[in-house]
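A look at the structure
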Amino acid sequence: MPVSFKVGHELRLYEHDPKLADLVAQLEDCVEFDNRRVLYQWIGGTRSDWRGQGHFRALTEEQEVWALAQRLRRDLVKTKNKFYEMRAVSRS
Ligand SMILES: CC(C)(COP(=O)(O)OP(=O)(O)OC[C@H]1O[C@@H](n2cnc3c(N)ncnc32)[C@H](O)[C@@H]1OP(=O)(O)O)[C@@H](O)C(=O)NCCC(=O)NCCS
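A brief look at the structure comes next. (Residues numbered from 1 in each chain as written. Predicted model: local features only at pLDDT ≥ 70, side-chain atom pairs only at ≥ 80, totals over all residues. Heavy atoms only, no water.)

A word on the overall build of the chain. Along its length, the chain carries three helices and three strands. Its helices and strands in sequence order give the chain the pattern β-α-β-α-β-α, from N to C terminus. Overall, the C-alpha framework of the chain stretches about 40 × 30 × 20 Å when taken along its three principal axes. A buried classification covers 27% of the 92 residues belonging to the chain. (Helix = DSSP H or I, 4+ residues; strand = E, 2+ residues; numbered from the N terminus. Buried < 20%, exposed > 50% of the residue type's maximum accessible area, 1.4 Å probe, protein only.)

Looking at where His 55 falls in the secondary structure, it is placed in helix α2 (residues 55-69). Along the backbone, His 55 and Glu 10 are 45 residues apart, and their C-alpha atoms lie at a distance of 23 Å. Residues in contact with His 55, not counting those within four places in the same chain, are Val 3, Ser 4, Thr 46 and Trp 50. (Contact = heavy atoms within 4.5 Å.)

This brings us to the site of the ligand. Among the 17 residues in the neighbourhood of the ligand, the closest are listed as Thr 46, Gly 52, Gly 54, Arg 57 and Glu 85. Gln 53 has a polar backbone atom sitting 3.3 Å from an oxygen atom of the ligand. Protein chains shield 70% of the accessible area of the ligand, which is 940 Å² for the free molecule. Looking at the shell around the ligand, the elements that each hand over two or more residues are β2 (38-46), α2 and α3 (86-89). Looking at the shell around the ligand residue by residue, the class counts come to six nonpolar, seven polar and four charged. (Near = heavy atom within 4 Å. Polar contact = N/O pair within 3.5 Å; in protein donor to acceptor, adjacent residues only side chain to side chain. Areas by Shrake-Rupley, 256 points an atom, 1.4 Å probe, with all protein chains shown as cover. Nonpolar A, V, L, I, M, F, W, Y, C, P; charged D, E, K, R; others polar.)

An ideal rise of 1.5 Å per residue puts 21 Å on 15 residues; α2 measures up with 21 Å between its terminal C-alpha atoms. Those residues of α2 not exposed but buried are Phe 56, Thr 60, Gln 63 and Ala 67. Along α2, the residues classed as buried sweep out an arc of 65 degrees about the axis, all on the same side. In α2, the exposed positions that point more than 90 degrees away from the buried face belong to Glu 62, Val 65 and Ala 69. (Expected span 1.5 Å × (residues − 1). Arc of directions from axis to C-beta.)

The next subject is the pattern of salt bridges. This model, assessed by the stated rule, comprises five salt bridges. When the shortest N-O distance is used, the salt bridge between Arg 12 and Glu 10 registers 3.3 Å. Across the pair Arg 37 and Glu 10 runs a salt bridge, and its minimum N-O distance is 2.6 Å. With Arg 37 in the loop between α1 (18-26) and β2 and Glu 10 in strand β1 (residues 4-11), this residue pair connects regions lying 27 residues apart in the sequence. Overall, Glu 10 belongs to the buried group, its relative accessible area being 16%. (Salt bridge = Lys/Arg side-chain N within 4 Å of Asp/Glu carboxyl O.)

Written out as structure tokens, the structure is:
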């Protein structure tokens, strides 16, 4: 049974999806898209019975290896205040 997951993908300066295009517009003042590839992490979680055992940290480390191999150089994590626990792992 999978106990933890996270989803991330490249975020480009010109996105076709309206929500992603809106996000890029909101980030205009704080993220440089020119000359760098941006990894966008937008959702993830660990089943409640399996939390606190390093599963999300392990996924994050694997994702970092993958991102570097893809030449993604900037890591951008989005969450909301209502997902309080995500703020702890956003710095990971
Ligand atoms: C946040 C969440 C993903 C953490 O998963 P996890 O497998 O328990 O995390 P890990 O055990 O790998 O811990 C990762 C890091 O976060 C820290 N951390 C995890 N939960 C924390 C909490 N509740 N408070 C503070 N720090 C926390 C750990 O100390 C660890 O830090 P470190 O790597 O510096 O040692 C999990 O609690 C969860 O799924 N929460 C709900 C997610 C959610 O709301 N998703 C919807 C929006 S995307």
